[in-house]
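Per-entry structural report
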Amino acid sequence: MKTDKKFLYETTLEYLEAITSNDVSRLPLAAECRMTVNGKNTSPGNSPVWGSPRRIPYRQSFVDPVTGSSVFFGIITNTTTTHAGFGEKWWLYTVRLKTESGLITEIEEIINDNTFAHYERKPWEMTPNQAFSHILPEDERLDRESLITVVESYWNAVERSVDGFSVPFHPDAVRYECGTITTDAKNFPNSARGDFIKAENAGWRWRVLNRRYPVIDTDRGVVVSYGELSMTDSTNPDFLPCIVTEVFKIESGLIKELNAFFYAGESVSNW
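An account of the accompanying structure is given in this report. Because the structure is predicted, anything quoted here is derived from the model rather than measured. (Residues numbered from 1 in each chain as written. Predicted model: local features only at pLDDT ≥ 70, side-chain atom pairs only at ≥ 80, totals over all residues. Heavy atoms only, no water.)

Moving on: helix H1 (residues 5-21). Between the first and last C-alpha of H1 there are 24 Å, a value that for 17 residues agrees with the 24 Å anticipated at 1.5 Å per step. For H1, every residue scored as buried is listed here: Phe7, Leu8, Thr11, Thr12, Tyr15, Leu16, Ala18 and Ile19. On its buried face, H1 sits against strand E1 (29-37), strand E3 (55-64), strand E4 (69-77), strand E5 (90-100) and strand E6 (103-112). Backbone geometry just after H1 places Asn22 at a positive phi near 55°. (Helix = DSSP H or I, 4+ residues; strand = E, 2+ residues; numbered from the N terminus. Expected span 1.5 Å × (residues − 1). Buried < 20%, exposed > 50% of the residue type's maximum accessible area, 1.4 Å probe, protein only. Contact = heavy atoms within 4.5 Å.)

Encoded structure:
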């Protein structure tokens, strides 16, 4: 069975519809389908975002027919209101789906219901970044291997194994972390490069393990990467290890947009 973009989008939709209807039986699951939530093994339908009622006010999907994978970024809530109150939950959410022969074989959910206080934007204020949907002119595109090389340079800078000046950032580079802009913004005075080169940021350092690239879109210059950020002896002890999903927009070989969702407190994804 051909795994094209249309099929992957349709499969992602069915997964999201199963969440909002709380009906896992509608999913085309392989007999040996494997699922994790924040790195822990579980079974399909068995995670905090499943239940009734559910709605998903922020949605953004990425697909790759080469790998048979899709990755979805969104917000899931159990409320029909637009603000948090007693008993109301808002989850920052990503899910990676892997399909083979028309069936879902892998499900990887990353769920975060506790964003840090210095993040200015609240979950109910988040909207999709349309920059990731923009198709690049042919002369601004890179092949799959070159796109991975660009993102690898970013992860290497996170590890401090390369000079931060070597990371190919676009002059308009903007990084979003759980919906909040973290470049030259309130509570975040650094530029994208500043995270890596300022002496006061020396504690912003991890080992980036198990780097994965389930979605690479050469037409749009988009790469979705997973990594496990593990503490080092030089990491700020106030930080937490995390499993991170980050989507990159790369134009003319330069990183222009980054959007990161993560689960803090766990450093092993089990994939």
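That was the structure; now back to the text.
In this structure, strand E7 (residues 169-177) lies alongside strand E12 (residues 254-264), joined through five bridges in parallel fashion. Residue pairing for E12: Arg175 is matched across the bridge by Leu258. Bridge analysis of E7 against strand E8 (residues 180-181) gives two bridges, and the strand direction is antiparallel. Within E8, the position partnered with Tyr176 by the bridge is Ile181. Count of turn residues in the E7/E8 antiparallel hairpin: two residues, of which Cys178 carries a positive phi of about 50°. (Pairing = 2+ DSSP bridges.)

Glancing now at the packing of aromatic side chains. Applying the stated criterion across every chain, the model contains eleven aromatic pairs. Relative to Tyr93, the ring of Phe72 lies with its centre 6.4 Å away and its plane at 55°, an arrangement referred to as tilted. You can see Phe72 sitting in strand E4 and its partner Tyr93 sitting in strand E5, a full 21 residues away along the chain. Arranged with centres 6.2 Å apart and planes meeting at 80°, the rings of Trp155 and Phe248 form a pair that is edge-to-face. Placement of the pair is Trp155 in helix H2 (residues 144-159) and Phe248 in strand E11 (residues 242-251), with a sequence separation of 93 residues. Taken together through their ring pairs, the aromatic side chains of Phe62, Phe73, Phe132 and Phe261 make up a single cluster. Its guanidinium or amino end placed over the ring of Trp271, Arg34 lies 4.1 Å from that ring's centre, counting from NZ or CZ. (Phe/Tyr/Trp six-rings, centres within 6.5 Å; stacked < 30°, edge-to-face > 60°. Lys NZ or Arg CZ within 6 Å of the ring centre and 35° of its normal.)

So, on to the environment of Glu246. In this structure, Glu246 sits in strand E11. Judged by relative accessible area, which is 0%, Glu246 ranks as buried. Each C-alpha atom of the pair Glu246 and Glu100 lies 24 Å from the other, and the pair is 146 residues apart in sequence. Not counting chain neighbours up to four residues away, the residues in contact with Glu246 comprise Tyr154, Trp155, Arg175, Val223, Val224, Ser225, Leu258, Asn259 and Ala260.

Once that is clear, we can look at the environment of Asp238. Along the chain, the position of Asp238 falls in the loop between strand E10 (222-231) and E11. Counting along the chain gives 35 residues from Asp238 to Gly203, while the straight-line C-alpha distance between them is 9.3 Å.

What follows concerns unusual backbone geometry. In the segment running from Ser52 into Pro53, the intervening peptide bond is cis, with an omega of -5°. Even without a glycine there, the phi angle at Asp184 is positive, about 50°. In this structure, Ser252 takes a positive phi of about 50° despite not being glycine. By secondary structure assignment, the location of Ser252 is in the loop between E11 and E12. Assessed through its relative accessible area of 46%, Ser252 is described here as partly exposed.

Looking along a regular strand, one sees side chains alternate from face to face of the sheet. Counting buried residues along E6, eight of its ten residues qualify, which places the element largely inside the surrounding structure. In the sheet, E1 pairs with E6 via five bridges, with the strands oriented parallel. In the strand pairing of E6, Leu29 is matched with Ile104. Two elements, E5 and E6, share nine bridges in a ladder whose sense is antiparallel. Across the sheet, residue Thr94 finds its bridge partner in E6, namely Ile110. As consecutive antiparallel partners, E5 and E6 are separated by two residues, and within that stretch Ser101 has a phi angle of approximately 55°, a positive value.

This part covers H2. Taking 1.5 Å per residue as the helical rise, H2 with its 16 residues ought to reach 22 Å, and the 23 Å between its terminal C-alpha atoms agrees with that figure. Among the residues making up H2, those that are buried are Leu147, Val150, Val151, Ser153, Tyr154, Trp155, Ala157 and Val158. Just past H2, the residue Arg160 takes up positive phi, approximately 65°.

Our focus in this paragraph is the pattern of salt bridges. All chains considered together, the criterion is met by 16 salt bridges. Residues Asp64 and Arg144 are paired through a salt bridge, measuring 2.9 Å at the closest nitrogen-oxygen approach. With Asp64 in strand E3 and Arg144 in helix H2, this residue pair connects regions lying 80 residues apart in the sequence. Residue class for Asp64 comes out buried when judged on its relative accessible area of 1%. Judged by relative accessible area, which is 22%, Arg144 ranks as partly exposed. Measuring nitrogen to oxygen at the nearest pair gives 3.3 Å for the salt bridge that ties Asp219 to Arg141. Placement of Asp219 in the loop between strand E9 (206-217) and E10 and of Arg141 in the loop between E6 and H2 is noted, with a sequence separation of 78 residues between them. On the basis of relative accessible area, Asp219 is assigned to the partly exposed category, the value being 30%. Connected through shared salt-bridge partners, Arg96, Glu106, Glu108 and Arg212 make up one network. (Salt bridge = Lys/Arg side-chain N within 4 Å of Asp/Glu carboxyl O.)

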